[in-house]
Amino acid sequence: DGGPSVAVGAVEQTQFAAALEVETLRTLWRAHARHERDAGRLLELVNDDLWGGSTETAAANLLVLRAAGDGTLALAAAGRPQAALLGPQKAERIAIAAAPLGIDPEARYKTTTVRPAAGEIVVASDDDRLLARLVAAWPSASSQQTAPVTAARWLDRLVGLLGDDQPHGTLVVLRRKS
């Protein structure tokens, strides 16, 4: 459908082996994303290729977000990555992780769809601790907000909730304007 896709992921190896695994994961994701629209099925295709081409057990974690033209997001997760929907008076997880990629050739990945309301954000992270902290702190911080929420305010609020001792990880923020 031509909508954008985002992937958040990590591999569980170190140094050179991890760099090779990340490049393999990115190449497989891009190759299959051109033809497969369903996020869960996309993860299954990548998993099949990782399983079939691997000489050693290497777990890969990946969360796929695919946007449709109507504002709907389709999500599927493998391993640790998670996502949440944050809005005024709302903080809820929207993607449940399944087995990491490359571990189980029979693994199946469910696609979850969500349509954020205007002004709501979807936050995805490869570090569940980081996301859990945001979800736990969000409702109380959000309920104190009275002015209209701009993109800059959302980001300021996220950074403020994480503080200086934040866990390390990637954080992707998608905001629906209208």
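Residues numbered from 1 in each chain as written. Predicted model: local features only at pLDDT ≥ 70, side-chain atom pairs only at ≥ 80, totals over all residues. Heavy atoms only, no water.

Draft legend 1. Quick look at the overall build of the protein chain. Counting secondary structure elements, the protein chain contains 4 helices and 8 strands. Taken from the N to the C terminus, the helices and strands of the protein chain come in the order β-α-α-β-β-β-β-β-β-α-α-β. With 178 residues in all, the protein chain has 43% of them scored as buried. Restricting to contacts in the protein chain with at least 6 residues of sequence separation, those with at least 24 account for 69%. Surface accessibility of the protein chain: about 9200 Å² in total, with carbon and sulfur atoms responsible for 53%. (Helix = DSSP H or I, 4+ residues; strand = E, 2+ residues; numbered from the N terminus. Buried < 20%, exposed > 50% of the residue type's maximum accessible area, 1.4 Å probe, protein only. Contact = heavy atoms within 4.5 Å. Areas by Shrake-Rupley, 256 points an atom, 1.4 Å probe, with all protein chains shown as cover.)

Draft legend 2. Fine view of a negative patch on the surface. Judged by side-chain charge, Asp-48, Asp-49, Asp-104 and Glu-106 come together as a negatively charged surface patch. On the secondary structure map, Asp-48 appears in helix H2 (residues 39–53). (Patch = residues over 30% accessible without salt bridge, like charges linked within 9 Å, V, L, I, M, F, W, Y side chains within 5 Å. Salt bridge = Lys/Arg side-chain N within 4 Å of Asp/Glu carboxyl O. Lys, Arg positive; Asp, Glu negative; His and termini not counted. Charge placed at Lys NZ, Arg CZ, Asp CG, Glu CD.)

Draft legend 3. Focus on the side chain of Glu-120. Among the secondary structure elements, Glu-120 is positioned in the loop between strand S6 (112–114) and strand S7 (121–125). Within the structure, the side chain of Glu-120 is placed 2.8 Å from the backbone nitrogen of Ala-117, a separation counted as a polar contact. (Polar contact = N/O pair within 3.5 Å; in protein donor to acceptor, adjacent residues only side chain to side chain.)

Draft legend 4. Quick peek at the confidence of the model for the protein chain. Averaged over the protein chain, the pLDDT score is 76; the fraction of residues at 70 or greater is 71%. For the protein chain, strand S1 (residues 5–11) is the element with the lowest average pLDDT, namely 65, and S6 is the one with the highest, namely 90. (pLDDT = per-residue confidence, 0-100.)

Draft legend 5. Seen up close, the nonpolar core. Among the nonpolar cores identified, the biggest contains 17 residues, and Leu-25, Leu-43, Leu-50, Leu-62, Val-64 and Leu-101 are the most heavily contacted of them. Elements with a contribution of two residues or more to this core: helix H1 (15–33), H2, strand S2 (60–67) and strand S3 (73–78). For this core, the element with the highest residue contribution is H2, accounting for 5 residues. Core analysis: the next-biggest nonpolar cluster, separate from the first, contains 13 residues, Leu-73, Leu-75, Ile-94 and Val-114 among them. (Core = buried A, V, L, I, M, F, W, Y, C linked by side-chain atoms within 4.5 Å.)

Draft legend 6. The environment of Glu-92, seen in detail. Tracing the sequence through the fold places Glu-92 in strand S5 (residues 90–95). Placed 30 residues apart in sequence, Glu-92 and Val-122 show a C-alpha to C-alpha distance of 9.7 Å. Apart from residues lying up to four places away in sequence, Glu-92 is in contact with Ala-84 and Leu-85.

Draft legend 7. Broad picture of the pairing of strand S4 (residues 82–87). Counting buried positions over the 6 residues of S4 gives 6, a clear majority of the element. Alternating positions in S4 separate into two faces, Gln-82, Ala-84 and Leu-86 on one and Ala-83, Leu-85 and Gly-87 on the other, with burial throughout.

Draft legend 8. Structural view of the pairing of S2. By the criterion of burial, S2 is predominantly enclosed, with 8 of the 8 residues buried. As paired strands, S2 and S3 are joined by 6 bridges and run antiparallel to one another. Across the sheet, residue Leu-65 finds its bridge partner in S3, namely Leu-75. Counting the residues between successive antiparallel strands, the hairpin from S2 to S3 contains 5 residues, one of them, Gly-71, with a positive phi of roughly 90°. (Pairing = 2+ DSSP bridges.)

Draft legend 9. Just the environment of Ala-59, in detail. With respect to the secondary-structure elements, Ala-59 resides in the loop between H2 and S2. Spatially, the C-alpha atoms of Ala-59 and Leu-101 are 5.7 Å apart, while their sequence positions differ by 42 residues.

Draft legend 10. Spotlight on the environment of Leu-65. Along the polypeptide, Leu-65 turns up in strand S2. On a C-alpha basis, the gap between Leu-65 and Val-6 in space is 5.2 Å, while along the polypeptide they are 59 residues apart.

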